[in-house]
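Here's the letter readout for the chains.
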Amino acid sequence: MRDLAIVGAGPAGMAAAVAAAGAGLGVVLIDAGARLGGQYYRHAPEGFHARRPGALHHGFGRFQSLAAELARRGVEVRLRHRVWAVEAGDGEMVAHCLAGDRDERRESVTARRLLIATGAHDRPLPFPGWDLPGVFTAGGAQALLKGDLVVAGRDVVVAGTGPFLLPVAAGLAAAGARVAGVFEANGRLGPAAALAAHPGKLAEAAGYGRRLARHRIPYFGRHAVIAAHGHDELTHVTVADLDRDWAPRRRRTIACDALAVGYGFVPQIELATQLGCATRADAEGTPVVAVDAGMRTSVPGVYAAGEPTGVGGAELAEVEGWIAGRAAAADLGRRVPPVPGLPARRDRLSAFAAALQAAYPVRDGWKGWLEDDTLICRCEEVTYARVRQAADLGADDARSMRLLARPGMGWCQGRVCGYAVARLAGEDPEAPRRPIAQPVRLGDLAGHPGGEDPR
(Lines give C-alpha, C1' and ligand atoms only; values in the text may rest on other atoms or scores of the structure.)
Protein backbone atom coordinates (compact mmCIF):
# COMPACT_ATOMS: atom_id res chain seq x y z
CA MET A 1 0.00 0.00 0.00
CA ARG A 2 1.34 3.42 -0.95
CA ASP A 3 1.49 6.34 1.41
CA LEU A 4 -0.16 8.83 -0.95
CA ALA A 5 -2.26 8.43 -4.11
CA ILE A 6 -2.66 11.55 -6.23
CA VAL A 7 -5.41 11.78 -8.85
CA GLY A 8 -4.44 14.26 -11.56
CA ALA A 9 -1.01 14.85 -13.10
CA GLY A 10 -1.27 18.55 -13.88
CA PRO A 11 0.69 21.31 -12.13
CA ALA A 12 -0.91 20.63 -8.72
CA GLY A 13 -0.56 16.86 -8.83
CA MET A 14 3.00 16.90 -10.13
CA ALA A 15 4.16 19.42 -7.51
CA ALA A 16 2.43 17.48 -4.72
CA ALA A 17 4.07 14.25 -5.85
CA VAL A 18 7.53 15.83 -5.87
CA ALA A 19 6.99 17.38 -2.42
CA ALA A 20 5.62 14.22 -0.82
CA ALA A 21 8.21 11.91 -2.37
CA GLY A 22 10.95 14.33 -1.36
CA ALA A 23 9.78 13.97 2.24
CA GLY A 24 10.05 10.19 2.03
CA LEU A 25 6.52 9.10 1.12
CA GLY A 26 5.73 6.32 -1.33
CA VAL A 27 3.68 8.14 -3.97
CA VAL A 28 1.58 6.96 -6.92
CA LEU A 29 0.45 9.60 -9.44
CA ILE A 30 -2.65 8.66 -11.48
CA ASP A 31 -3.93 10.41 -14.61
CA ALA A 32 -6.31 9.62 -17.47
CA GLY A 33 -3.98 11.15 -20.05
CA ALA A 34 -1.35 9.38 -22.10
CA ARG A 35 1.40 11.73 -20.87
CA LEU A 36 2.14 13.80 -17.79
CA GLY A 37 0.99 17.40 -17.57
CA GLY A 38 -2.78 17.29 -17.36
CA GLN A 39 -4.89 19.74 -19.32
CA TYR A 40 -2.44 22.59 -18.87
CA TYR A 41 0.89 21.08 -19.94
CA ARG A 42 -0.29 19.52 -23.18
CA HIS A 43 2.26 17.89 -25.48
CA ALA A 44 2.63 17.81 -29.23
CA PRO A 45 2.05 14.37 -30.78
CA GLU A 46 4.69 11.73 -30.13
CA GLY A 47 7.34 11.78 -32.84
CA PHE A 48 6.99 15.52 -33.41
CA HIS A 49 10.16 17.39 -32.50
CA ALA A 50 9.87 21.17 -32.42
CA ARG A 51 12.93 23.32 -32.80
CA ARG A 52 11.77 25.05 -29.63
CA PRO A 53 10.02 22.49 -27.34
CA GLY A 54 8.10 25.18 -25.48
CA ALA A 55 7.02 27.10 -28.59
CA LEU A 56 3.40 25.97 -28.26
CA HIS A 57 3.26 26.31 -24.51
CA HIS A 58 3.77 29.05 -21.97
CA GLY A 59 6.06 27.88 -19.18
CA PHE A 60 6.88 24.46 -20.61
CA GLY A 61 10.28 24.53 -18.96
CA ARG A 62 8.55 24.33 -15.60
CA PHE A 63 6.86 21.10 -16.65
CA GLN A 64 10.17 19.61 -17.71
CA SER A 65 11.68 20.45 -14.32
CA LEU A 66 8.80 18.82 -12.42
CA ALA A 67 8.86 15.75 -14.65
CA ALA A 68 12.58 15.30 -14.05
CA GLU A 69 12.04 15.53 -10.29
CA LEU A 70 9.28 12.92 -10.42
CA ALA A 71 11.68 10.48 -12.09
CA ARG A 72 14.53 11.33 -9.76
CA ARG A 73 12.43 10.79 -6.64
CA GLY A 74 10.99 7.48 -7.83
CA VAL A 75 7.32 8.48 -8.05
CA GLU A 76 5.19 5.70 -9.54
CA VAL A 77 3.23 7.14 -12.48
CA ARG A 78 0.12 5.44 -13.83
CA LEU A 79 -1.08 7.05 -17.04
CA ARG A 80 -4.19 6.15 -19.03
CA HIS A 81 -5.95 5.41 -15.74
CA ARG A 82 -9.41 6.95 -15.41
CA VAL A 83 -10.52 7.13 -11.78
CA TRP A 84 -14.28 6.66 -11.71
CA ALA A 85 -14.82 6.16 -7.96
CA VAL A 86 -12.98 6.57 -4.67
CA GLU A 87 -13.64 5.07 -1.25
CA ALA A 88 -12.41 5.92 2.23
CA GLY A 89 -12.01 3.03 4.66
CA ASP A 90 -10.25 2.32 7.94
CA GLY A 91 -6.94 4.07 7.46
CA GLU A 92 -6.88 3.60 3.70
CA MET A 93 -8.18 5.15 0.51
CA VAL A 94 -9.09 3.18 -2.59
CA ALA A 95 -9.20 4.68 -6.09
CA HIS A 96 -11.04 2.55 -8.63
CA CYS A 97 -9.66 2.98 -12.16
CA LEU A 98 -10.27 1.90 -15.72
CA ALA A 99 -6.81 1.40 -17.22
CA GLY A 100 -5.70 1.29 -20.84
CA ASP A 101 -7.12 2.65 -24.06
CA ARG A 102 -9.81 0.75 -25.96
CA ASP A 103 -9.64 -2.48 -23.99
CA GLU A 104 -9.81 -0.99 -20.52
CA ARG A 105 -9.27 -3.17 -17.48
CA ARG A 106 -10.39 -2.59 -13.92
CA GLU A 107 -7.71 -1.69 -11.38
CA SER A 108 -7.74 -0.38 -7.82
CA VAL A 109 -5.04 1.68 -6.13
CA THR A 110 -4.84 1.69 -2.33
CA ALA A 111 -3.03 4.30 -0.26
CA ARG A 112 -3.02 5.73 3.24
CA ARG A 113 -3.82 9.21 1.99
CA LEU A 114 -5.55 10.63 -1.11
CA LEU A 115 -4.99 13.93 -2.92
CA ILE A 116 -7.56 15.14 -5.46
CA ALA A 117 -5.99 17.35 -8.14
CA THR A 118 -8.41 16.75 -10.98
CA GLY A 119 -8.36 20.21 -12.56
CA ALA A 120 -11.29 21.82 -14.36
CA HIS A 121 -13.11 21.74 -17.68
CA ASP A 122 -14.58 24.40 -19.96
CA ARG A 123 -17.79 26.16 -18.97
CA PRO A 124 -19.87 26.79 -22.09
CA LEU A 125 -23.09 28.78 -22.34
CA PRO A 126 -25.77 27.73 -24.84
CA PHE A 127 -26.79 30.04 -27.67
CA PRO A 128 -28.51 29.44 -31.02
CA GLY A 129 -26.24 27.33 -33.22
CA TRP A 130 -23.71 26.36 -30.56
CA ASP A 131 -24.09 22.71 -31.59
CA LEU A 132 -22.92 23.33 -35.19
CA PRO A 133 -19.72 21.65 -36.43
CA GLY A 134 -17.05 24.32 -36.26
CA VAL A 135 -18.08 25.64 -32.83
CA PHE A 136 -15.48 24.74 -30.21
CA THR A 137 -14.98 25.55 -26.59
CA ALA A 138 -11.95 27.78 -26.11
CA GLY A 139 -10.20 24.98 -24.27
CA GLY A 140 -11.06 22.53 -27.03
CA ALA A 141 -9.52 24.75 -29.71
CA GLN A 142 -6.41 25.17 -27.54
CA ALA A 143 -6.16 21.41 -26.92
CA LEU A 144 -6.40 20.64 -30.64
CA LEU A 145 -3.59 23.05 -31.36
CA LYS A 146 -1.22 22.00 -28.59
CA GLY A 147 -1.99 18.30 -28.45
CA ASP A 148 -2.64 17.49 -32.12
CA LEU A 149 -1.12 20.45 -34.03
CA VAL A 150 -4.55 21.03 -35.60
CA VAL A 151 -5.78 24.59 -36.16
CA ALA A 152 -9.52 24.85 -35.49
CA GLY A 153 -10.20 26.73 -38.73
CA ARG A 154 -8.93 29.17 -41.32
CA ASP A 155 -11.11 32.11 -40.26
CA VAL A 156 -11.71 32.03 -36.52
CA VAL A 157 -13.70 34.11 -34.04
CA VAL A 158 -12.76 33.94 -30.35
CA ALA A 159 -15.48 34.95 -27.87
CA GLY A 160 -16.70 34.62 -24.30
CA THR A 161 -15.21 36.10 -21.17
CA GLY A 162 -12.01 35.84 -19.18
CA PRO A 163 -8.26 36.12 -19.74
CA PHE A 164 -8.03 32.65 -21.29
CA LEU A 165 -9.36 34.08 -24.56
CA LEU A 166 -6.04 35.91 -25.10
CA PRO A 167 -3.68 32.91 -25.32
CA VAL A 168 -6.24 31.04 -27.41
CA ALA A 169 -6.42 33.84 -29.97
CA ALA A 170 -2.67 34.42 -29.96
CA GLY A 171 -1.92 30.70 -30.39
CA LEU A 172 -4.36 30.26 -33.26
CA ALA A 173 -2.98 33.30 -35.06
CA ALA A 174 0.61 32.14 -34.62
CA ALA A 175 -0.39 28.78 -36.14
CA GLY A 176 -1.72 30.45 -39.29
CA ALA A 177 -5.39 31.14 -38.62
CA ARG A 178 -6.94 34.49 -39.43
CA VAL A 179 -8.53 35.58 -36.15
CA ALA A 180 -11.31 38.03 -36.96
CA GLY A 181 -11.44 39.33 -33.39
CA VAL A 182 -11.60 38.61 -29.68
CA PHE A 183 -15.06 39.45 -28.32
CA GLU A 184 -15.04 39.89 -24.55
CA ALA A 185 -18.52 40.01 -23.01
CA ASN A 186 -17.33 42.08 -20.05
CA GLY A 187 -15.55 45.41 -20.14
CA ARG A 188 -11.98 45.77 -21.39
CA LEU A 189 -10.71 47.48 -18.23
CA GLY A 190 -12.34 45.21 -15.65
CA PRO A 191 -9.14 43.42 -14.51
CA ALA A 192 -7.00 46.58 -14.47
CA ALA A 193 -6.90 46.90 -10.66
CA ALA A 194 -6.01 43.22 -10.18
CA LEU A 195 -3.25 43.39 -12.79
CA ALA A 196 -1.80 46.59 -11.33
CA ALA A 197 -1.29 44.80 -8.01
CA HIS A 198 0.59 41.92 -9.69
CA PRO A 199 3.38 43.23 -11.97
CA GLY A 200 4.21 39.75 -13.27
CA LYS A 201 0.65 39.15 -14.41
CA LEU A 202 0.49 42.65 -15.89
CA ALA A 203 3.60 41.91 -17.96
CA GLU A 204 2.07 38.63 -19.14
CA ALA A 205 -1.14 40.38 -20.20
CA ALA A 206 0.88 43.05 -22.01
CA GLY A 207 2.74 40.30 -23.85
CA TYR A 208 -0.50 38.85 -25.14
CA GLY A 209 -1.61 42.34 -26.13
CA ARG A 210 1.53 42.75 -28.23
CA ARG A 211 0.94 39.38 -29.90
CA LEU A 212 -2.63 40.35 -30.79
CA ALA A 213 -1.39 43.64 -32.21
CA ARG A 214 1.34 41.89 -34.21
CA HIS A 215 -1.30 39.69 -35.87
CA ARG A 216 -3.72 42.64 -36.21
CA ILE A 217 -6.39 40.98 -34.09
CA PRO A 218 -8.97 43.49 -32.78
CA TYR A 219 -10.12 43.15 -29.17
CA PHE A 220 -13.69 44.23 -28.39
CA GLY A 221 -15.07 44.78 -24.90
CA ARG A 222 -18.78 44.28 -24.14
CA HIS A 223 -19.29 42.19 -27.26
CA ALA A 224 -20.43 38.58 -27.57
CA VAL A 225 -21.33 35.98 -30.16
CA ILE A 226 -25.05 35.50 -29.59
CA ALA A 227 -25.75 33.10 -32.49
CA ALA A 228 -23.89 30.81 -34.88
CA HIS A 229 -25.18 30.07 -38.36
CA GLY A 230 -24.78 27.42 -41.03
CA HIS A 231 -26.43 24.25 -42.29
CA ASP A 232 -23.98 21.37 -42.03
CA GLU A 233 -21.13 23.51 -40.72
CA LEU A 234 -20.43 26.95 -39.32
CA THR A 235 -20.42 29.74 -41.92
CA HIS A 236 -20.89 32.93 -39.91
CA VAL A 237 -21.79 34.27 -36.47
CA THR A 238 -23.87 37.11 -35.11
CA VAL A 239 -21.91 39.43 -32.83
CA ALA A 240 -23.74 41.91 -30.61
CA ASP A 241 -22.68 44.96 -28.69
CA LEU A 242 -23.85 44.37 -25.10
CA ASP A 243 -25.04 46.59 -22.30
CA ARG A 244 -23.76 46.07 -18.74
CA ASP A 245 -26.23 43.23 -18.16
CA TRP A 246 -25.30 41.52 -21.46
CA ALA A 247 -28.52 42.45 -23.24
CA PRO A 248 -27.79 42.71 -27.01
CA ARG A 249 -27.92 46.09 -28.70
CA ARG A 250 -26.39 46.55 -32.18
CA ARG A 251 -25.76 43.37 -34.17
CA ARG A 252 -23.53 42.42 -37.09
CA THR A 253 -22.44 39.21 -38.79
CA ILE A 254 -18.92 37.92 -39.33
CA ALA A 255 -18.00 35.17 -41.76
CA CYS A 256 -15.94 32.38 -40.20
CA ASP A 257 -15.47 28.64 -40.29
CA ALA A 258 -14.56 28.22 -36.61
CA LEU A 259 -15.65 29.75 -33.33
CA ALA A 260 -13.76 29.27 -30.06
CA VAL A 261 -15.99 30.31 -27.18
CA GLY A 262 -15.53 30.04 -23.44
CA TYR A 263 -17.00 31.48 -20.26
CA GLY A 264 -14.47 30.29 -17.72
CA PHE A 265 -14.01 26.86 -16.17
CA VAL A 266 -15.86 24.43 -13.91
CA PRO A 267 -13.79 22.72 -11.18
CA GLN A 268 -13.94 18.91 -11.32
CA ILE A 269 -14.96 18.00 -7.79
CA GLU A 270 -16.91 14.78 -8.38
CA LEU A 271 -14.42 12.57 -6.52
CA ALA A 272 -14.43 14.90 -3.53
CA THR A 273 -18.21 15.01 -3.33
CA GLN A 274 -18.33 11.21 -3.64
CA LEU A 275 -16.40 11.08 -0.38
CA GLY A 276 -18.60 13.71 1.26
CA CYS A 277 -15.99 16.47 1.33
CA ALA A 278 -17.46 19.84 2.31
CA THR A 279 -17.72 22.47 -0.40
CA ARG A 280 -17.95 26.24 -0.40
CA ALA A 281 -19.03 28.80 -2.98
CA ASP A 282 -16.31 30.70 -4.83
CA ALA A 283 -16.61 34.35 -5.84
CA GLU A 284 -19.09 33.41 -8.59
CA GLY A 285 -21.11 31.00 -6.47
CA THR A 286 -19.59 27.90 -8.08
CA PRO A 287 -19.06 25.02 -5.60
CA VAL A 288 -15.41 24.22 -4.86
CA VAL A 289 -13.79 21.92 -2.30
CA ALA A 290 -13.30 23.56 1.10
CA VAL A 291 -9.76 23.09 2.48
CA ASP A 292 -7.68 24.36 5.38
CA ALA A 293 -4.23 25.97 5.24
CA GLY A 294 -2.67 22.54 4.54
CA MET A 295 -5.12 21.75 1.71
CA ARG A 296 -6.88 19.19 3.95
CA THR A 297 -10.56 18.59 3.18
CA SER A 298 -13.24 17.90 5.77
CA VAL A 299 -12.72 14.14 5.29
CA PRO A 300 -9.70 12.88 7.26
CA GLY A 301 -6.87 11.71 5.02
CA VAL A 302 -8.19 13.46 1.91
CA TYR A 303 -6.53 16.55 0.42
CA ALA A 304 -7.37 18.73 -2.58
CA ALA A 305 -5.22 21.11 -4.59
CA GLY A 306 -5.48 23.17 -7.76
CA GLU A 307 -8.70 23.96 -9.56
CA PRO A 308 -10.98 21.75 -7.39
CA THR A 309 -10.38 24.26 -4.56
CA GLY A 310 -11.10 27.22 -6.89
CA VAL A 311 -10.03 28.06 -10.43
CA GLY A 312 -6.87 30.14 -10.24
CA GLY A 313 -4.45 29.02 -12.95
CA ALA A 314 -1.34 26.89 -13.16
CA GLU A 315 0.88 28.95 -10.86
CA LEU A 316 -1.59 28.83 -7.97
CA ALA A 317 -2.29 25.15 -8.62
CA GLU A 318 1.41 24.31 -8.36
CA VAL A 319 1.79 26.24 -5.09
CA GLU A 320 -1.21 24.42 -3.63
CA GLY A 321 0.31 21.13 -4.77
CA TRP A 322 3.53 21.87 -2.87
CA ILE A 323 1.52 22.70 0.24
CA ALA A 324 -0.68 19.60 -0.01
CA GLY A 325 2.20 17.21 -0.61
CA ARG A 326 4.13 18.59 2.34
CA ALA A 327 1.03 18.48 4.57
CA ALA A 328 0.38 14.84 3.70
CA ALA A 329 3.99 13.99 4.56
CA ALA A 330 3.79 15.85 7.88
CA ASP A 331 0.50 14.15 8.76
CA LEU A 332 2.18 10.78 8.20
CA GLY A 333 4.96 11.64 10.60
CA ARG A 334 7.67 12.81 8.22
CA ARG A 335 9.84 15.76 9.17
CA VAL A 336 8.95 18.60 6.80
CA PRO A 337 10.88 21.86 7.32
CA PRO A 338 8.79 24.98 6.67
CA VAL A 339 9.24 26.87 3.41
CA PRO A 340 9.13 30.59 4.19
CA GLY A 341 6.74 32.52 1.99
CA LEU A 342 4.82 29.56 0.55
CA PRO A 343 1.51 30.24 2.38
CA ALA A 344 1.81 33.96 1.65
CA ARG A 345 2.36 33.21 -2.02
CA ARG A 346 -0.76 31.08 -2.08
CA ASP A 347 -2.77 33.85 -0.41
CA ARG A 348 -1.49 36.40 -2.92
CA LEU A 349 -2.29 34.23 -5.94
CA SER A 350 -5.70 33.29 -4.50
CA ALA A 351 -6.55 36.97 -4.06
CA PHE A 352 -5.55 37.63 -7.66
CA ALA A 353 -7.74 34.75 -8.88
CA ALA A 354 -10.72 36.07 -6.90
CA ALA A 355 -10.17 39.54 -8.35
CA LEU A 356 -10.20 38.11 -11.88
CA GLN A 357 -13.41 36.23 -11.16
CA ALA A 358 -14.99 39.46 -9.98
CA ALA A 359 -13.81 41.19 -13.17
CA TYR A 360 -15.26 38.52 -15.49
CA PRO A 361 -18.73 37.57 -14.15
CA VAL A 362 -21.37 35.76 -16.20
CA ARG A 363 -24.35 38.14 -16.39
CA ASP A 364 -27.93 36.94 -16.68
CA GLY A 365 -28.39 38.73 -20.01
CA TRP A 366 -27.15 35.62 -21.88
CA LYS A 367 -30.56 34.04 -21.25
CA GLY A 368 -32.04 36.62 -23.63
CA TRP A 369 -29.93 35.23 -26.48
CA LEU A 370 -31.84 31.93 -26.38
CA GLU A 371 -34.60 30.94 -28.78
CA ASP A 372 -37.25 28.26 -28.26
CA ASP A 373 -35.40 25.71 -30.41
CA THR A 374 -31.96 26.42 -28.89
CA LEU A 375 -30.53 23.20 -27.49
CA ILE A 376 -29.70 23.47 -23.79
CA CYS A 377 -28.73 19.82 -23.27
CA ARG A 378 -27.13 18.40 -26.40
CA CYS A 379 -26.92 14.82 -25.09
CA GLU A 380 -30.69 14.56 -24.56
CA GLU A 381 -31.63 17.19 -27.18
CA VAL A 382 -33.53 19.28 -24.64
CA THR A 383 -34.53 22.65 -26.05
CA TYR A 384 -35.01 25.94 -24.28
CA ALA A 385 -38.77 25.61 -24.86
CA ARG A 386 -38.82 22.35 -22.86
CA VAL A 387 -36.82 23.93 -20.07
CA ARG A 388 -39.26 26.84 -19.87
CA GLN A 389 -42.17 24.39 -19.93
CA ALA A 390 -40.65 22.54 -16.98
CA ALA A 391 -40.29 25.85 -15.15
CA ASP A 392 -43.97 26.58 -15.81
CA LEU A 393 -44.79 23.19 -14.26
CA GLY A 394 -42.98 24.14 -11.08
CA ALA A 395 -39.32 23.22 -11.65
CA ASP A 396 -37.49 25.79 -9.58
CA ASP A 397 -34.14 24.04 -9.11
CA ALA A 398 -31.75 22.01 -11.27
CA ARG A 399 -32.86 18.66 -9.82
CA SER A 400 -36.54 19.14 -10.54
CA MET A 401 -35.63 20.55 -13.96
CA ARG A 402 -33.75 17.32 -14.73
CA LEU A 403 -36.66 15.18 -13.59
CA LEU A 404 -39.21 17.03 -15.73
CA ALA A 405 -37.23 17.84 -18.88
CA ARG A 406 -34.16 15.51 -18.71
CA PRO A 407 -31.33 18.03 -19.16
CA GLY A 408 -28.16 16.56 -17.71
CA MET A 409 -29.41 12.97 -17.93
CA GLY A 410 -27.35 11.98 -20.96
CA TRP A 411 -23.82 10.79 -21.71
CA CYS A 412 -21.94 13.69 -20.08
CA GLN A 413 -24.20 13.69 -16.99
CA GLY A 414 -24.52 17.46 -16.96
CA ARG A 415 -20.86 18.38 -17.33
CA VAL A 416 -21.67 20.52 -20.39
CA CYS A 417 -25.13 21.84 -19.58
CA GLY A 418 -25.18 21.67 -15.77
CA TYR A 419 -24.13 25.27 -15.16
CA ALA A 420 -26.62 26.65 -17.67
CA VAL A 421 -29.48 24.50 -16.37
CA ALA A 422 -28.86 25.66 -12.81
CA ARG A 423 -28.83 29.30 -13.91
CA LEU A 424 -32.00 28.86 -15.96
CA ALA A 425 -33.64 27.21 -12.94
CA GLY A 426 -32.87 30.32 -10.93
CA GLU A 427 -30.36 28.83 -8.52
CA ASP A 428 -26.62 28.89 -8.04
CA PRO A 429 -24.76 25.97 -9.63
CA GLU A 430 -24.89 22.96 -7.35
CA ALA A 431 -22.06 20.67 -6.32
CA PRO A 432 -22.23 17.43 -8.34
CA ARG A 433 -23.24 14.37 -6.32
CA ARG A 434 -22.47 11.70 -8.88
CA PRO A 435 -21.78 8.14 -7.68
CA ILE A 436 -19.65 7.68 -10.81
CA ALA A 437 -17.13 10.31 -11.86
CA GLN A 438 -16.27 8.94 -15.32
CA PRO A 439 -18.22 7.07 -18.01
CA VAL A 440 -18.05 3.37 -17.16
CA ARG A 441 -19.44 0.25 -18.80
CA LEU A 442 -22.16 -1.75 -17.08
CA GLY A 443 -19.90 -4.78 -17.30
CA ASP A 444 -17.27 -3.01 -15.23
CA LEU A 445 -19.85 -2.01 -12.63
CA ALA A 446 -21.09 -5.58 -12.46
CA GLY A 447 -17.53 -6.77 -11.92
CA HIS A 448 -17.30 -9.07 -14.95
CA PRO A 449 -13.68 -9.97 -15.75
CA GLY A 450 -12.51 -7.92 -18.69
CA GLY A 451 -15.67 -5.86 -18.61
CA GLU A 452 -17.70 -7.91 -21.12
CA ASP A 453 -20.42 -6.05 -22.92
CA PRO A 454 -23.59 -6.76 -20.91
CA ARG A 455 -25.67 -6.74 -24.08
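All values reported here derive from a predicted model rather than from experimental measurement.

Caption draft 1: Broad picture of the pattern of salt bridges. Applying the stated criterion to the full structure yields 26 salt bridges. With a closest N to O distance of 2.3 Å, arginine 250 and aspartate 241 form a salt bridge.

Caption draft 2: Representation of the environment of cysteine 256 in the model. Assignment of secondary structure puts cysteine 256 in the loop between strand 14 (248–255) and strand 15 (258–262). C-alpha of cysteine 256 to C-alpha of glycine 38: the two residues are 218 residues apart in sequence and 30 Å apart in space. Those residues in contact with cysteine 256 that lie beyond four places of it in its chain are Asp155, Val157, Leu234, Thr235, His236 and Val237.

Caption draft 3: Highlighting the packing of aromatic side chains. A full pass over the atoms with the stated rule returns six aromatic pairs. Ring geometry for phenylalanine 164 versus phenylalanine 265: centroids 5.2 Å apart, planes at 65 degrees, classification edge-to-face. Placement of phenylalanine 164 in the loop between strand 9 (155–160) and helix 4 (165–174) and of phenylalanine 265 in strand 16 (residues 265–267) is noted, with a sequence separation of 101 residues between them. What makes phenylalanine 164 partly exposed here is its relative accessible area of 26%. Here phenylalanine 265 falls in the partly exposed class, since its relative accessible area comes to 26%. Judged by centre distance (6.1 Å) and plane angle (15 degrees), the rings of tryptophan 246 and tryptophan 369 are stacked. Here the residue tryptophan 246 occupies a position in the loop between strand 13 (236–242) and strand 14, and tryptophan 369 occupies one in the loop between helix 9 (342–359) and strand 20 (375–377), the gap between them amounting to 123 residues. Residue tryptophan 246 shares its accessibility class with tryptophan 369, and that shared class is buried. Each residue in the set Tyr40, Tyr41 and Phe63 is aromatic and connected to the rest through ring pairs, giving one cluster. Here the basic side chain of arginine 378 rests over the ring of tryptophan 130, its NZ or CZ set 4.3 Å away from the ring centre.

Caption draft 4: Inspection of the pairing of strand 14 at higher detail. Pairing between strand 13 and strand 14: six bridges, direction antiparallel. Looking across to strand 14, one finds that leucine 242 is bridged to proline 248. Following strand 13, the chain reverses through five residues before pairing antiparallel with strand 14; tryptophan 246 in that reversal takes a positive phi of roughly 75 degrees.

Caption draft 5: Region of the structure containing the confidence of the model for the protein chain. In this model, the protein chain carries a mean pLDDT of 90, and residues with pLDDT of at least 70 account for 95%. A low-confidence stretch, residues 448–455 stays under pLDDT 50, and its non-local contacts, those more than four residues away or across chains, total eleven contacts.

Caption draft 6: Structural view of the layout of surface pockets. Volume-wise, the second largest pocket comes out at about 870 Å³. The wall of the second largest pocket is formed by 40 residues, among which Gln413, Gly414, Arg415, Pro432 and Arg434 lie closest to the centre. Among the secondary structure elements, those contributing two or more residues to the lining of the second largest pocket are strand 16, helix 11 (398–405), helix 12 (418–424) and helix 13 (442–446). Per element, the largest residue contribution to the lining of the second largest pocket is four residues, and it comes from helix 12. Grouping the constituent residues of the lining of the second largest pocket by class yields 23 nonpolar, eight polar and nine charged.

The rules behind the values
Residues numbered from 1 in each chain as written. Predicted model: local features only at pLDDT ≥ 70, side-chain atom pairs only at ≥ 80, totals over all residues. Heavy atoms only, no water. Salt bridge = Lys/Arg side-chain N within 4 Å of Asp/Glu carboxyl O. Helix = DSSP H or I, 4+ residues; strand = E, 2+ residues; numbered from the N terminus. Contact = heavy atoms within 4.5 Å. Phe/Tyr/Trp six-rings, centres within 6.5 Å; stacked < 30°, edge-to-face > 60°. Buried < 20%, exposed > 50% of the residue type's maximum accessible area, 1.4 Å probe, protein only. Lys NZ or Arg CZ within 6 Å of the ring centre and 35° of its normal. Pairing = 2+ DSSP bridges. pLDDT = per-residue confidence, 0-100. 1 Å grid on protein atoms, 1.4 Å probe; cavity = no way out; pocket = protein on both sides within 12 Å on 5 of 7 lines; lining within 4 Å. Points joined across faces, edges and corners; volume = space filled by probe spheres on them. Nonpolar A, V, L, I, M, F, W, Y, C, P; charged D, E, K, R; others polar.

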